[in-house]
Amino acid sequence: MGGGPRTFPGGLSKWQYKRMHEKLARQKQRGLIRHEKQLYLARLRSEIRASRLPGADAAAPPAEGPTSSRAHIRALADRFRKPGAEDLWNEDDGPLRRAKRPSTSIPPGGQQRQLDSGKPRGGANWKDWEDLALEQPRPRMEAAGAGGKGPGLAAFNPKRDYRTVAPWWSHWNWNSPSLGFFGPKRCYSVMSPCTVNWQLGVGLRPLGAGGLAKAGNGREEAALALFNQERLYSVAARRFGRKWRPDSSDEDEEGASTPKRNLRFGKFGASSEEDSEIDESGDTSTIRRRWSSAALRNCDMKKERRVLKSYEEESNDLAGRIRELREEIKNREVLGTERRRYESRGESLLTSKRFEECGISPLTVKALNDAGYVQTTVVQEAALPICLEGKDVLVKAKTGTGKSAAFLLPAIESVLNGMKRNTNHRVSPIFALILCPTRELAIQLTAEANVLSKYHEGIGVQSLIGGTRFKLDQRRLESDPCQILVATPGRLLDHIENKSSFSVRLMGLKLLVLDEADHLLDLGFRKDIEKIVDSLPRQRQTLLFSATIPKEVRRVSQLVLKRDHVFVDTVGLGAVETPTKVQQSCLVVPHELHCHMVHLLLREHIDHEVDYKVIVFCTTAMVTEFMYIMLRDLKLNVREIHSRKPQLYRTRISEEFRDSNRLILVTSDVSTRGVNYPDVTLVIQVGVPPDREHYIHRLGRTGREGKSGKGILLLAPWEEYFMNEIGDLPIEKHTAPDIDQEMKQKVDDSIKNVDMSIKEAAYHAWLGYYNSIADIGRDKTMLADLANRFGASIGLEKPPAMYRKTALKMGLKDVPGIRIRK
Ligand SMILES: Nc1ncnc2c1ncn2[C@@H]1O[C@H](COP(=O)(O)OP(=O)(O)OP(=O)(O)O)[C@@H](O)[C@H]1O
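All of these numbers come straight from a predicted model, not from anything done at the bench.

Observations regarding the overall build of the protein chain
- What the protein chain contains, in helices and strands, is 29 helices and 18 strands.
- Relative to its full complement of 822 residues, the protein chain shows a buried share of 61%.
- Restricting to contacts in the protein chain with at least 6 residues of sequence separation, those with at least 24 account for 76%.
- Surface accessibility of the protein chain: about 32,300 Å² in total, with carbon and sulfur atoms responsible for 53%.

Below, the structure is given as structure tokens:
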């Protein structure tokens, strides 16, 4: 064979073709076992249903006959202990064997049904689990003043109280028999892994080398109970929809018929800066859907029906959760000391460790010193040794704490190693690939990588981002050295799919980095990421970095990480995820006064802060445009960046804002993540952010490098529900300052000066954005009313008409208040 790339049917490369066949074979193999698992679950369900029938407790039969459901469940459970069913369990748990039953406990009130032989079993006792949860130490939540949120659970996930956020079933009687088995207060996203450990008697003690394998006799029962519990949760999740976050992430599971594209509504996006991500893929019909409760979710009528997660995947989740917990405990041990040191220093960014002690090349250390980096930051100190060891790592560290260098340095080292070994290539392979969600971030990381590798002859860093000419990219890649590539997923995929020589270069890849990993593994990007990962060699190191890593992302991260990856968390469970020196506040003001309030806040800030540097985040690109024009008319020193602007313009403004002060940047979510604008003094977020993670990342544009800053969230009264999502963060609610008549008049005049077409576009974009938010989007009449109020607040006398087709897609046809174009 000539050695050149061969193309297989469907335009697949040899490796893709091989992998496709391996995958199909695996799927086939799993078919049988899946069937049995389904049977098992069906039995469990019928058992639960039966238990909830009135008088079921009293009438509970012995149910030991050969055809009884309990016997069947037991038989099926036995089946899972046999060879071939191992994937149901975590393989690290050791061989399965019958364990002695732990001492029995009868659930109070008889509400908790036992699933095996009618005898009470510790492992299946929900109430016990909850009691155990309540007994566990809750290190930081009480201190943070959020102890009122589901006491025992708050410590483990203070962010989520799904029940209180839910708008329509929030008044559900949680103690009603139908939901009794869930207990009155639970934090479902983290309960299972924690409870399994408690149940096993391991609690939060450090695990020994054997981890869960040493956990004791009740392990098997506990695992079975956990499996059952998982099933119960997922049943409930399906029934009650999106608030069951862990289970709602199945939207994107294999085989799900939920396309991530072609959901855009006419000209105006359904979501804020889907814009940003749309551009990255170069596909203007793409929108990104989100996991948050404040996002387009299962309940939204625009979406295609969800396909339920297969039971096999769910059971894999179980194994994943156990692994996660084990890692968490391990990391808590490893990082506990460091974190304590970090906390005692009052969040000072730097540690005493110097870069020359980190085992990186002296030339890189020289470049670091030139850039003023002498000591490592906390995240660098924690992550560098593990990354340099060659392990897969998932890293969580607060915004602005130096994550970029923590992965760029290993990237440079892997290139140096790769170059030593591969001397016979005519065109050097790409040794390190860094993926990030936005163009601005890619440009920034490329610049930083160039600075850090400047003394290494022959190391080339290039970026591949949307908004530039494909052919030019291609030529640049071929002519200039490129061992480190920083790319946004859409454009990278274009190159992988359209240029076989590019795919060949990626075959030498040693290191893959996903910066803002939670976002890249989010639904809008995940398919692209899967395709990209599919075209990369399996023998590689993978690093995932972000300031926010929701539980579901931890699980999804298994897609790209090796099983034995390390989780480095410098934030800590239950700790506040935002920089401590950023003063956060929330103002609730009617929509009609939002523009006036933004103006007032800016004026006040400018008066107090000589070197002010402010970022104003708006919900969509068109609303950003409106806000920018209005503020410019008010003679404020403003700039704008959003996805509707050409890339060259975006880059220029981004650089200008980075290098200046006494400037206000009005922007959309293209600037939410990763971009490092030094010394931002204030971040204002106007309107409800798409989700909690967006809030944290936007806020993280200030208070970087341990500096202080301010963040203000401006909400309309009906948007206050969002406070439930971020209730654990130290946000103070303030009463809005009064706006005097003269100032109000000035703002009104400036609003009048904005072009009508911009206002109309802002109205449509606003409607699209809020329609994508499940909490409001489902009540279309209310949404139309609010949109019209927003329209009036920006000077529209009557709501602009929309295309019938768009209204239809948005579920707004025939909704009172929505005008349709004739
Ligand atoms: N070791 C160091 N010494 C001094 N400054 C550093 C060091 N590491 C990083 N910095 C500086 O800290 C700032 C924030 O770094 P960086 O942008 O990498 O943060 P991040 O954690 O990636 O933030 P985000 O979560 O927003 O992406 C930058 O200005 C960077 O120059």
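Structural notes on the environment of serine 654
- The topology assignment puts serine 654 in helix H23 (residues 647–659).
- Of the residues examined, serine 654 reaches a relative accessible area of 4% and is grouped as buried.
- Residues serine 654 and glutamine 444 lie 210 residues apart in sequence; the distance between their C-alpha atoms is 9.7 Å.
- Contacts of serine 654, omitting those with residues within four sequence positions, involve Glu440, Ile641 and Tyr677.

A closer look at the pairing of strand S5 (residues 393–396)
- Every second residue of S5 is oriented toward a common face, with Val393 and Val395 on one face and Leu394 and Lys396 on the other, all of them buried.
- Relative to strand S10 (residues 541–546), S5 runs parallel, the two sharing four bridges. Of the residues in S10, the one forming a bridge with lysine 396 is serine 546.
- Direction of pairing for S5 relative to strand S11 (residues 566–569): parallel, over a ladder of four bridges. Looking at the pairing, leucine 394 lines up with phenylalanine 567 of S11.

Focus: the pairing of strand S12 (residues 582–588)
- Most of S12 is tucked away: five of the seven residues are buried.
- Note that S12 and strand S17 (residues 709–715) share seven bridges and pair parallel. Note on S17: the bridge partner recorded for cysteine 586 is leucine 713.
- Relative to strand S18 (residues 731–734), S12 runs parallel, the two being bridged by four bridges. When the bridges of S18 are listed, serine 585 appears paired with glutamate 732.

Let's talk about unusual backbone geometry
- With phi around 55 degrees, glutamate 516 is a residue other than glycine that occupies positive phi space.
- Here glutamate 516 falls in the buried class, since its relative accessible area comes to 5%.
- Non-glycine residue arginine 662 carries a positive phi angle of around 55 degrees.

Re the nonpolar core
- If you look at the biggest cluster of nonpolar residues, it comprises 74 residues, and the most contacted ones within it are Val616, Met630, Leu631 and Ile664.
- Those residues within four positions of leucine 631 in sequence are excluded, and the remaining contacts are Val598, Leu602, Leu636, Val638 and Val666.
- Core analysis: the next-biggest nonpolar cluster, separate from the first, contains 42 residues, Leu408, Ala449, Ile465 and Leu543 among them.

Some points on helix H22 (residues 621–633)
- Between its terminal C-alpha atoms H22 stretches 18 Å, which fits the 18 Å expected from 13 residues at 1.5 Å a residue.
- Among all positions in H22, only Ala621, Met622, Val623, Thr624, Glu625, Phe626, Met627, Tyr628, Ile629, Met630 and Leu631 are buried.
- Positioned one or two residues after H22, lysine 635 has a phi angle of 65 degrees, which is positive.

Observations regarding the packing of helix H16 (residues 489–498) against helix H19 (residues 523–534)
- Taken N-terminus to C-terminus, the directions of H16 and H19 make an angle of 40 degrees; their axes are 10 Å apart at the nearest point. For the pair H16 and H19, the sense of crossing is left-handed. Residue-level inspection shows Pro489, Gly490, Leu492, Leu493, Ile496 and Glu497 of H16 in contact with H19, the latter providing Phe525, Asp528, Ile529, Lys531 and Ile532.
- Here the residues of the contact of H16 with H19 sort into seven nonpolar, one polar and three charged.

Considerations on the UniProt feature "short sequence motif: Q motif" (unreviewed entry) in the protein chain
- Using the residue numbers shown here, the UniProt feature "short sequence motif: Q motif" (unreviewed entry) corresponds to residues 353–381.
- Span residues 353–381 is 45% helix and 17% strand, its end C-alpha atoms 7 Å apart.

Observations regarding the confidence of the model for the protein chain
- When pLDDT is averaged across the protein chain, the result is 71; 60% of the residues are at 70 or more.
- Counted against residues more than four places away or in other chains, residues 57–67, with its pLDDT under 50, gives 14 contacts.
- Under a pLDDT of 50 for its full length, residues 334–345 has, in the predicted model, 21 contacts with residues more than four places off or in other chains.
- Taken together, the chains of this predicted complex give a pTM of 0.63 and an interface ipTM of 0.99.

Some points on the packing of aromatic side chains
- Within this structure, the stated rule accounts for eight aromatic pairs.
- Their ring planes at 80 degrees and their centres at 5.0 Å tell us that phenylalanine 657 and tyrosine 677 sit as a pair that is edge-to-face. Pair noted here: phenylalanine 657 is in helix H23 and tyrosine 677 is in the loop between strand S15 (663–667) and strand S16 (682–686), with a separation of 20 residues, a long-range link. Across this residue pair, the class does not change: phenylalanine 657 and tyrosine 677 are buried.
- Here the aromatic rings of tryptophan 766 and phenylalanine 790 are separated by 5.1 Å at their centres, their planes lie at 15 degrees, and the arrangement is stacked. Placement of tryptophan 766 in helix H26 (residues 756–771) and of phenylalanine 790 in helix H28 (residues 780–793) is noted, with a sequence separation of 24 residues between them.
- Judged by its relative accessible area of 8%, phenylalanine 790 falls in the buried class.
- In this structure an aromatic cluster arises from ring pairing among Trp718, Trp766, Tyr769, Tyr770 and Phe790.
- The ring of tyrosine 649 carries the charged tip of lysine 645 above its face, separated from the ring centre by 5.2 Å.

Details of a positive patch on the surface
- Where like charges cluster on the molecular surface, the positive patch consists of Lys798, Arg804, Arg819 and Lys822.
- Tracing the sequence through the fold places lysine 798 in the loop between H28 and helix H29 (804–809).

Examining the layout of surface pockets
- What the second largest pocket holds in volume is close to 910 Å³.
- Around the second largest pocket sit 41 residues that line it, and Tyr373, Ser404, Gln444, Glu448 and Asn676 are the ones nearest its centre.
- Of all the secondary structure elements, the ones that give two or more residues to the lining of the second largest pocket are strand S4 (375–377), helix H13 (403–421), helix H14 (439–452) and H23.
- When residues in the lining of the second largest pocket are grouped by element, the largest group, nine residues, is from H14.

Notes on the sheet that holds strand S8 (residues 484–487)
- With parallel pairing, the seven strands of this open sheet are ordered in space as S7-S8-S6-S9-S10-S5-S11. A single partner strand is all that each edge strand has here, and the edge strands are strand S7 (461–464) and S11. Here the strands of the sheet are splayed against their neighbours by 15 degrees on average, with no regard to which way each runs.
- Strands S7 and S8 of the sheet are contacted by helix H15 (residues 470–479), whose axis makes an angle of about 160 degrees with S7.

Brief notes about the site of the ligand
- In the region of the ligand, 19 residues are neighbours, and Tyr373, Gln375, Lys403, Ser404 and Arg704 sit closest.
- Between an oxygen atom of the ligand and a side-chain N or O atom of arginine 701, the distance comes to 2.8 Å.
- In the environment of the ligand, an oxygen atom lies 2.7 Å from a nitrogen or oxygen atom belonging to the side chain of arginine 704.
- For the ligand, whose unbound accessible area comes to 640 Å², protein coverage reaches 92%.
- Spatially, the ligand is embedded in the second largest pocket.
- Contributions of two or more residues to the shell around the ligand are made by S4 and H13.
- The class makeup of the residues in the shell around the ligand is three nonpolar, 10 polar and six charged.

Conventions we followed
Residues numbered from 1 in each chain as written. Predicted model: local features only at pLDDT ≥ 70, side-chain atom pairs only at ≥ 80, totals over all residues. Heavy atoms only, no water. Helix = DSSP H or I, 4+ residues; strand = E, 2+ residues; numbered from the N terminus. Buried < 20%, exposed > 50% of the residue type's maximum accessible area, 1.4 Å probe, protein only. Contact = heavy atoms within 4.5 Å. Areas by Shrake-Rupley, 256 points an atom, 1.4 Å probe, with all protein chains shown as cover. Pairing = 2+ DSSP bridges. Core = buried A, V, L, I, M, F, W, Y, C linked by side-chain atoms within 4.5 Å. Expected span 1.5 Å × (residues − 1). Axes fitted to C-alpha atoms, helices over the stretch in contact; angles between N-to-C directions. Left-handed = near helix turned anticlockwise from the far one by under 90°. Nonpolar A, V, L, I, M, F, W, Y, C, P; charged D, E, K, R; others polar. UniProt positions renumbered as here; feature names shortened; annotations may be inferred. pLDDT = per-residue confidence, 0-100. Phe/Tyr/Trp six-rings, centres within 6.5 Å; stacked < 30°, edge-to-face > 60°. Lys NZ or Arg CZ within 6 Å of the ring centre and 35° of its normal. Patch = residues over 30% accessible without salt bridge, like charges linked within 9 Å, V, L, I, M, F, W, Y side chains within 5 Å. Salt bridge = Lys/Arg side-chain N within 4 Å of Asp/Glu carboxyl O. Lys, Arg positive; Asp, Glu negative; His and termini not counted. Charge placed at Lys NZ, Arg CZ, Asp CG, Glu CD. 1 Å grid on protein atoms, 1.4 Å probe; cavity = no way out; pocket = protein on both sides within 12 Å on 5 of 7 lines; lining within 4 Å. Points joined across faces, edges and corners; volume = space filled by probe spheres on them. Near = heavy atom within 4 Å. Polar contact = N/O pair within 3.5 Å; in protein donor to acceptor, adjacent residues only side chain to side chain. Sits in = over half its atoms within 2 Å of the grid points.

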